[in-house]
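If you want the building blocks of each chain, they are given just below.
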Amino acid sequence: AIRTHAEFMLQRDVADNEAIGKYGAETILEKTADKSGGVTLMTICNTGSLATAGYGTALGVMRALHSQDKLAKMIALETRPYNQGSRLTAF
């Protein structure tokens, strides 16, 4: 029962993150002035699989933009010592 529920939670988290990524990408593209080229996104801290079950929330938006060939550049920043988040996101 525990394993079944954990697998359900994983599937739900990935689906939620994919939906967040799709919605975020659509919203960014709707609001950008230059629709011909890609966009540059900046994120602070880890946005990938350590923060979620694998797809990512902010990273999910970047993944969705990349899949549409609309991500020109990704900038990963970190405010804490040792640049932990930027290294993990870039990895």
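**Here's the deal with the overall build of the protein chain**
Here is step 1: Within the protein chain one finds 3 helices and 2 strands.
Here is step 2: Traced from its N-terminal end to its C-terminal end, the protein chain shows the element sequence α-β-α-β-α.
Here is step 3: Put simply, the protein chain has 91 residues, and 26% of those count as buried.
Here is step 4: Considering only residue pairs separated by 6 or more positions, the protein chain has 69% of its internal contacts joining residues 24 or more positions apart.
Here is step 5: Of the roughly 6,300 Å² of accessible surface on the protein chain, a fraction of 58% belongs to carbon and sulfur atoms.

**Brief notes about the pattern of salt bridges**
Here is step 1: Going through the model one piece at a time under the given rule, you end up with 2 salt bridges.
Here is step 2: Between E26 and K22 there is a salt bridge, with the nearest N and O atoms lying 2.7 Å from each other. Of this pair, E26 and K22 both sit in helix α1 (residues 2–31), separated by 4 residues, roughly a single helical turn.
Here is step 3: When its relative accessible area of 35% is taken as the criterion, E26 is described as partly exposed.

**Some points on α1**
Here is step 1: Taking 1.5 Å per residue as the helical rise, α1 with its 30 residues ought to reach 44 Å, and the 43 Å between its terminal C-alpha atoms agrees with that figure.
Here is step 2: Turning to α1, its buried residues are N17, G21, G24, A25 and L29.
Here is step 3: Where the residues of α1 are buried, they touch β1 (39–44) and α2 (58–67).

**What to know about the environment of I75**
Here is step 1: By secondary structure assignment, the location of I75 is in strand β2 (residues 71–77).
Here is step 2: Judged by its relative accessible area of 33%, I75 is partly exposed.
Here is step 3: Sequence spacing of I75 and T43 is 32 residues, and the spatial spacing of their C-alpha atoms is 6.4 Å.
Here is step 4: Other than its neighbours up to four places away in sequence, I75 contacts T40, L41, M42 and T43.

**Considering the packing of aromatic side chains**
Here is step 1: What the rule picks out here adds up to 0 aromatic pairs.
Here is step 2: For the cation-ring pair, R63 lies above Y55, with the distance from its terminal atom to the ring centre recorded as 5.0 Å.

**Some remarks on the environment of M42**
Here is step 1: Relative to the helices and strands, M42 is located in strand β1.
Here is step 2: With 34 residues separating them in the primary sequence, M42 and A76 have C-alpha atoms 5.8 Å apart.
Here is step 3: When near neighbours in sequence (up to four residues on either side) are disregarded, M42 contacts I75 and L77.

**Structural notes on the confidence of the model for the protein chain**
Here is step 1: On average, residues of the protein chain score 83 in pLDDT, and 74% of them reach the 70 mark or higher.
Here is step 2: Of all the helices and strands in the protein chain, helix α3 (residues 84–90) carries the lowest mean pLDDT, 58, while α1 carries the highest, 94.

Reading the values: the criteria
Residues numbered from 1 in each chain as written. Predicted model: local features only at pLDDT ≥ 70, side-chain atom pairs only at ≥ 80, totals over all residues. Heavy atoms only, no water. Helix = DSSP H or I, 4+ residues; strand = E, 2+ residues; numbered from the N terminus. Buried < 20%, exposed > 50% of the residue type's maximum accessible area, 1.4 Å probe, protein only. Contact = heavy atoms within 4.5 Å. Areas by Shrake-Rupley, 256 points an atom, 1.4 Å probe, with all protein chains shown as cover. Salt bridge = Lys/Arg side-chain N within 4 Å of Asp/Glu carboxyl O. Expected span 1.5 Å × (residues − 1). Phe/Tyr/Trp six-rings, centres within 6.5 Å; stacked < 30°, edge-to-face > 60°. Lys NZ or Arg CZ within 6 Å of the ring centre and 35° of its normal. pLDDT = per-residue confidence, 0-100.

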